[in-house]
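Structural overview for review
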Amino acid sequence: MHIGRIIGTVVATRKDERLTGCKLMLTQPLNIEQSPIGEPLVAVDTVGSGIGEVVIYTKGTAARYAADKIQSPIDASIVGIVDHMDIQKE
Amino acid sequence: MHIGRIIGTVVATRKDERLTGCKLMLTQPLNIEQSPIGEPLVAVDTVGSGIGEVVIYTKGTAARYAADKIQSPIDASIVGIVDHMDIQKE
Amino acid sequence: MHIGRIIGTVVATRKDERLTGCKLMLTQPLNIEQSPIGEPLVAVDTVGSGIGEVVIYTKGTAARYAADKIQSPIDASIVGIVDHMDIQKE
Amino acid sequence: MHIGRIIGTVVATRKDERLTGCKLMLTQPLNIEQSPIGEPLVAVDTVGSGIGEVVIYTKGTAARYAADKIQSPIDASIVGIVDHMDIQKE
Amino acid sequence: MHIGRIIGTVVATRKDERLTGCKLMLTQPLNIEQSPIGEPLVAVDTVGSGIGEVVIYTKGTAARYAADKIQSPIDASIVGIVDHMDIQKE
């Protein structure tokens, strides 16, 4: 799983019907200093996350289990909201 | 899932028969400023997307669910057409 | 799926028996200008492709469906031969 | 599988219930000289690993088998603690 | 699948029990000139490969089929030993 920040949402009227009702969150991957790394992806919210929150997201088949939509087009989901990270990096 | 723009199509007469009838879209990955990032991939259209449109695409097993062709060679599918993105990036 | 060019073959006498009879094609990923990008991979031919041809290849579980060998070590397969690409890039 | 070092933990009160009880380890990928490469990921501990240890981690569906939680959002797990690496690099 | 060279082994006493008896090979990805590209990974030997040999390896679910351990933490396996590569690159 990876750490990211919710930076927005995507609105798509015409879409796979199995995505209806899914909140499509623009998620910016973060490093452990919480700086952006790489480009945002679109993940389905499954934990009530909101804009600006630091989250855990998962990819692939794991994302469909997270969304309880096994046979769907989902390949990324938000699965946790980060309270804090304890880092011990020498 | 990822954001991309449809920039063309691929014509392949000789191909896996399970791809027959599939529109093979050349899809350029985009960042949230809608600038190209990385190299185009070939995704199967499942939502009636057209050249120039900004779309959501999915990869892996999710792409076969999107195309309702579970046992096929598809590993990327277009699953939505983006109306707009709401971005709040400080 | 991705675009690539067949640039050679790999000969391996000692290998997983489920690869016996599979043509192992060295496949160079291409961009849409058909220039090489990144490093070649080894994909199983499923469409009668030959050296020099521009092809569509697929990865992961999709590649095992393409080869009709679901329970095999295959993670990449050639699934089409490109006639041409129609590109409209402004 | 890959080599990494446990550099911390992630605390998330609000999360997918199938992650309850899982230790979420911040795992820094390492090269064979045990220097950091790329950015840390979040992997579930399945072998009693601790901060500072060099570990083997796995990704994707393999990670859910490792955690014995097949239908969960897990996409990365710690599956071994490295005693040593024997390297013969000319 | 990919080309790599076996450059060592990983010893891990404490590990997922489904890895017991698996030879964990440090595998350096190679380009077609057999020069190292990127960082080594840990792949399970399934063909009796040895240090210094150039091999074919596979990733993901394909690696578990290769090892005949479908429900295991394996995500990379050695599946062939390269005799030679025939390359025709203009």
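Now for a look at the structure at hand. (Residues numbered from 1 in each chain as written. Chains lettered and ligands numbered in written order. Predicted model: local features only at pLDDT ≥ 70, side-chain atom pairs only at ≥ 80, totals over all residues. Heavy atoms only, no water.)

A few points about empty space enclosed by the protein
Our working definition: Cavities and pockets were defined on a 1 Å grid built from protein atoms only: a cavity is a group of points that admits a 1.4 Å probe but offers it no way out, a pocket is an open group of points flanked by protein on both sides within 12 Å along at least five of seven lines, and a lining residue is one with an atom within 4 Å of any such point. Grid points are joined across faces, edges and corners, and a volume is the space filled by probe spheres set on the points. Put simply, Ala, Val, Leu, Ile, Met, Phe, Trp, Tyr, Cys and Pro go in the nonpolar bin, Asp, Glu, Lys and Arg in the charged bin, and everything else, Gly too, in the polar bin. Each helix corresponds to a stretch of at least 4 residues labelled H or I by DSSP, and each strand to a stretch of at least 2 residues labelled E; elements are numbered beginning at the N terminus.
Under the counting rule described, the total for this entry stands at 2 cavities of 30 Å³ or more. For the largest cavity, the calculated volume is near 40 Å³. Forming the boundary of the largest cavity are L26, P40, L41 and V42 of chain B together with I3, L30, N31, I32 and M85 of chain C. Here the lining of the largest cavity is built from residues that sort into 8 nonpolar, 1 polar and no charged. In this structure, the second largest cavity encloses a volume near 40 Å³. Together, M1, H2, I3, L30, N31 and I32 of chain D together with L26, P40, L41 and V42 of chain E line the second largest cavity. For the lining of the second largest cavity, the secondary structure elements donating two or more residues are β1 (2-11) of chain D together with β3 (41-45) of chain E. The residue makeup of the lining of the second largest cavity, split by class, is 8 nonpolar, 2 polar and no charged.

Focus on the layout of surface pockets
All names here are of chain A. Counted as a void, the second largest pocket has a volume near 260 Å³. When contributions to the lining of the second largest pocket are tallied by element, the ones reaching two or more residues are β1 (2-11) and β4 (54-59). Considered class by class, the residues forming the lining of the second largest pocket number 10 nonpolar, 4 polar and 3 charged.

Here's the deal with the pairing of strand β4 (residues 54-59) of chain B
Residue and element names in this part refer to chain B. Test applied: Residue burial is assigned from relative accessible area. The probe radius is 1.4 Å, only protein chains are included, and a residue is buried under 20% of its type maximum, exposed over 50%, and partly exposed in between. Whether two strands pair comes down to DSSP finding at least two bridges between them.
Of all 6 residues in β4, 5 are buried; the element is thus mostly enclosed. In this structure, strand β1 (residues 2-11) lies alongside β4, joined through 4 bridges in antiparallel fashion. Following the sheet pairing, I3 is matched in β4 by I56. As judged from the 5 bridges shared by β4 and strand β5 (residues 76-81), these two strands associate in the antiparallel manner.

Topic: the relation of the copies chain B and chain C
This is how it is decided: Here the copies are matched by least squares. The fit uses the C-alpha atoms of residues with pLDDT of at least 70 in both.
Rotating chain B by 72° and moving it 0.0 Å along the rotation axis overlays it on chain C with an RMSD of 0.0 Å. The two molecules are tied by a five-fold rotation axis, judged by turn and shift.

Digging into the interface of chain B and chain C
Spelled out, the test is: Residues count as neighbours in contact if any of their non-hydrogen atoms are within 4.5 Å of one another. Salt bridge criterion: a side-chain nitrogen from Lys or Arg within 4 Å of a carboxyl oxygen from Asp or Glu. N or O atoms closer than or at 3.5 Å make up a polar contact, with two conditions inside protein: a donor-capable atom paired with an acceptor-capable one, and, for residues adjacent in sequence, both atoms drawn from side chains.
Contacts between the two partners involve 29 residues from chain B and, on the opposite side, 28 residues from chain C. Our count for the chain B to chain C interface comes out at 2 salt bridges. Remark: the boundary between chain B and chain C carries 17 residue pairs in polar contact (both at pLDDT 80 or more). Put simply, the parts of the chain that give the side of chain B that touches chain C at least two residues each are β1, β2 (24-29) and β3 (41-45) of chain B. The element that contributes the greatest number of residues to the side of chain B that touches chain C is β1 of chain B, accounting for 5 residues. Taken together, the residues that form the side of chain B that touches chain C break down as 16 nonpolar, 6 polar and 7 charged. Strand direction decides the pairing type here: β1 of chain B and strand β6 (residues 84-87) of chain C, joined by 4 bridges, are antiparallel. Opposite G8 of chain B, over in β6 of chain C, you have I87 of chain C as the bridge partner.

Describing the environment of A12 of chain D
Position of A12 of chain D among the secondary structure elements: in the loop between β1 and β2 (24-29). In the structure, A12 of chain D is positioned 63 residues away from D75 of chain D in sequence and 17 Å away in space, judged by C-alpha atoms. Excluding anything up to four places from it in sequence, A12 of chain D contacts I56, I81, V82 and D83 of chain A.

Re the interface of chain D and chain A
You'll often see interface size given as the accessible area lost when the parts meet. The criterion, for reference: Two parts placed together each lose some accessible area under a 1.4 Å probe, and adding up what both lose gives the buried area.
Across the boundary between the two partners, chain D contributes 29 residues, which contact 28 residues of chain A. Taken together, the two surfaces of chain D and chain A that pack against each other cover about 2,400 Å², and 56% of this comes from carbon and sulfur. One can count 2 salt bridges joining chain D with chain A. Taking the shortest distance from any N to any O, the salt bridge between E53 of chain A and R14 of chain D comes out at 3.7 Å. Between the two partners, chain D and chain A, sit 17 residue pairs in polar contact (both at pLDDT 80 or more). Mapped onto the side of chain D that touches chain A, the elements with two or more residues apiece are β1, β2 and β3 (41-45) of chain D. Considering every element that reaches the side of chain D that touches chain A, the biggest residue donor is β1 of chain D, with 5 residues. Its residues assigned to classes, the side of chain D that touches chain A shows 16 nonpolar, 6 polar and 7 charged.

Some details on the pattern of salt bridges
If charged atoms from side chains of opposite charge come close, those side chains can pair. Within the structure shown, the criterion is met by 20 salt bridges over all chains. For D16 of chain A, the salt bridge goes to R18 of chain A, with nearest N and O atoms at 2.8 Å. For D16 of chain A, a relative accessible area of 7% corresponds to the buried category. When salt bridges that share partners are traced, they join D16 and R18 of chain A together with D68 of chain B into one network.

Points about the arrangement of the chains
Taking C-alpha atoms as the reference, chain B and chain D come no closer than 11 Å and do not contact one another. Separated in space, chain B and chain E share no contact, their closest pair of C-alpha atoms being 11 Å apart.

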